[in-house]
Amino acid sequence: MEEETGSSSSHIERMLAELKQLLYEKEKDLQNQITNAVFAEELHQKKIMSYWSDRVFMIQGTKLRGTAILLDNKNFITTAHLGLIHGRTYAVWQQGGLSYHADCCVVHNAIADFAVLHSKDAFNADLHIGTLTKGANFYLISYPLGSEVHGPRFSKGIIGQMAERELIGTPGSNQGSSGGAIINLAGELSGILIGSDLKLTVDAPLSEWIQSLFEIRHMVRHPFCNIGVLRKSDDNALMNGQLALKGCEIIALYFGAHMCPRCHEFMPVLKQFYNQFKKSPDAVPFEIVFVPFDRSEDEFRNSLCDLYDDWLYIPYGSVHIKSLAARFNIINWGVIPALVVLKQDGTLITMGGQADVQYSSASEAMAYWRSS
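The paragraphs below set out a description of the structure included in this document. All of these numbers come straight from a predicted model, not from anything done at the bench.

1. Describing the layout of surface pockets
Here's step 1: Looking at the second largest pocket, its volume works out to about 240 Å³.
Here's step 2: If you go around the second largest pocket, you meet 16 residues; those closest to its centre are Arg88, Thr89, Gln354, Gln358 and Tyr359.
Here's step 3: Of the residues in the lining of the second largest pocket, the class split is 8 nonpolar, 5 polar and 3 charged.

Written out as structure tokens, the structure is:
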């Protein structure tokens, strides 16, 4: 009897030992699985971070410093509330990395709150747009203030609420993150950060910037079909603008004013550019049309003194000055001087002609304009 009891006790002990060993192995296996899952997630995050960190830049608006994202076709997207102005040129840069001058060509600051900039020097990148839903995890890649030295900051959040045009995520973000890239777990761009409480623009706004860029580059032809212009060398011969520009391959609309100090600084640069181009063996038919923003006829007459004799201009007081300014979003003195470059048929080439003239040679700028 005692032998049976001892044998039974030994059997139970062996079973307990085997069970303990099994539990240990199961726990170890589970820990390995968790470790592997964590490692896989970290590796996945590193891949996403590596891919998008090359496409996230700092940008300084007229109001705030924020983040811009390089998309396809050498375009950047950011938030309009940084104080971006249509037609102005802005620097976008990375700490110790790439930097570009980008022209602001689309600004939506009412509902969608985004702006699009274009840089002819930026590299071409593929664009993959994804989606986010309530409860989904996302990554935020941005340049909050204080990260300038160490590069973009990478953080993780979750979508807590959904609205018609926005998602609300947590946790919040720091100043400088506005315009940051919202990436879903598949590594796709799913929105841009527009608020400190992590309001995200999604789907519709990202589609809208593409449509807006398409519309502004393919606006109704021809902007000068009903506009009268004069050539400085013959102030008495009012001509139909479209006929006066017939055969002209590149048209540059110069919005300026005599009492604008920045215009005084830009005019000699524009003249030098014009002279260099006219002397170039690759010169094509090219016209500059002055669109006056002068506040009086006396100021306008002073502006005419600065023009070359073969330049065209729109007469002072013409109702078409306001219509052209509205068409190209030249809303006030704060955005002049501005140089809007068009093709012969009126198709927009760039709102940032001023930057091209200032930072490129005549041959480089003209080659870019002709290829756009």
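What follows continues from the structure just given.
2. What to know about the pairing of strand 11 (residues 189-193)
Residues in a regular strand project their side chains so that they alternate between the two faces of the sheet.
Here's step 1: Burial analysis of strand 11 places 5 of its 5 residues in the buried class, which makes it a mostly covered element.
Here's step 2: In terms of strand pairing, strand 10 (residues 181-184) meets strand 11 through 3 bridges, oriented antiparallel. Each residue of the ladder has a partner; that of Ile183, found in strand 11, is Leu189.

3. Quick word on the nonpolar core
Here's step 1: Counting residues in hydrophobic clusters, the biggest one holds 76 residues, and the most contacted among them are Leu253, Phe255, Phe286, Phe328, Ile330 and Trp369.
Here's step 2: No other element matches helix 4 (residues 261-279), which puts 7 residues into this core.
Here's step 3: One finds Ile59, Leu82, Ala102 and Cys104 within the second-largest nonpolar core, a separate group that totals 17 residues.

4. A closer look at helix 8 (residues 362-371)
Here's step 1: Among all positions of helix 8, only Ala362, Ala365, Met366, Tyr368 and Trp369 are buried. The buried residues of helix 8 all sit within an arc of 160 degrees when viewed along its axis, so they share a single face.

5. Some words on the packing of aromatic side chains
Here's step 1: In this structure the tally under the stated criterion is 18 aromatic pairs.
Here's step 2: Considering the side-chain rings of Tyr254 and Phe290, the 5.7 Å spacing of their centres and the 35 degrees angle between planes classify their relative orientation as tilted. Within this pair, whereas Tyr254 is found in strand 15 (residues 250-256), its partner Phe290 is found in strand 16 (residues 286-292), the two being separated by 36 residues in sequence. The two residues Tyr254 and Phe290 agree in class, both being buried.
Here's step 3: The ring centre of Tyr368 lies 5.6 Å from the NZ or CZ of Lys120, which sits over that ring.
Here's step 4: Positioned above the aromatic ring of Tyr308, the side-chain terminus of Lys271 is 5.0 Å from the ring centre.

Rules behind the numbers
- Residues numbered from 1 in each chain as written.
- Predicted model: local features only at pLDDT ≥ 70, side-chain atom pairs only at ≥ 80, totals over all residues.
- Heavy atoms only, no water.
- 1 Å grid on protein atoms, 1.4 Å probe; cavity = no way out; pocket = protein on both sides within 12 Å on 5 of 7 lines; lining within 4 Å.
- Points joined across faces, edges and corners; volume = space filled by probe spheres on them.
- Nonpolar A, V, L, I, M, F, W, Y, C, P; charged D, E, K, R; others polar.
- Buried < 20%, exposed > 50% of the residue type's maximum accessible area, 1.4 Å probe, protein only.
- Helix = DSSP H or I, 4+ residues; strand = E, 2+ residues; numbered from the N terminus.
- Pairing = 2+ DSSP bridges.
- Core = buried A, V, L, I, M, F, W, Y, C linked by side-chain atoms within 4.5 Å.
- Arc of directions from axis to C-beta.
- Phe/Tyr/Trp six-rings, centres within 6.5 Å; stacked < 30°, edge-to-face > 60°.
- Lys NZ or Arg CZ within 6 Å of the ring centre and 35° of its normal.

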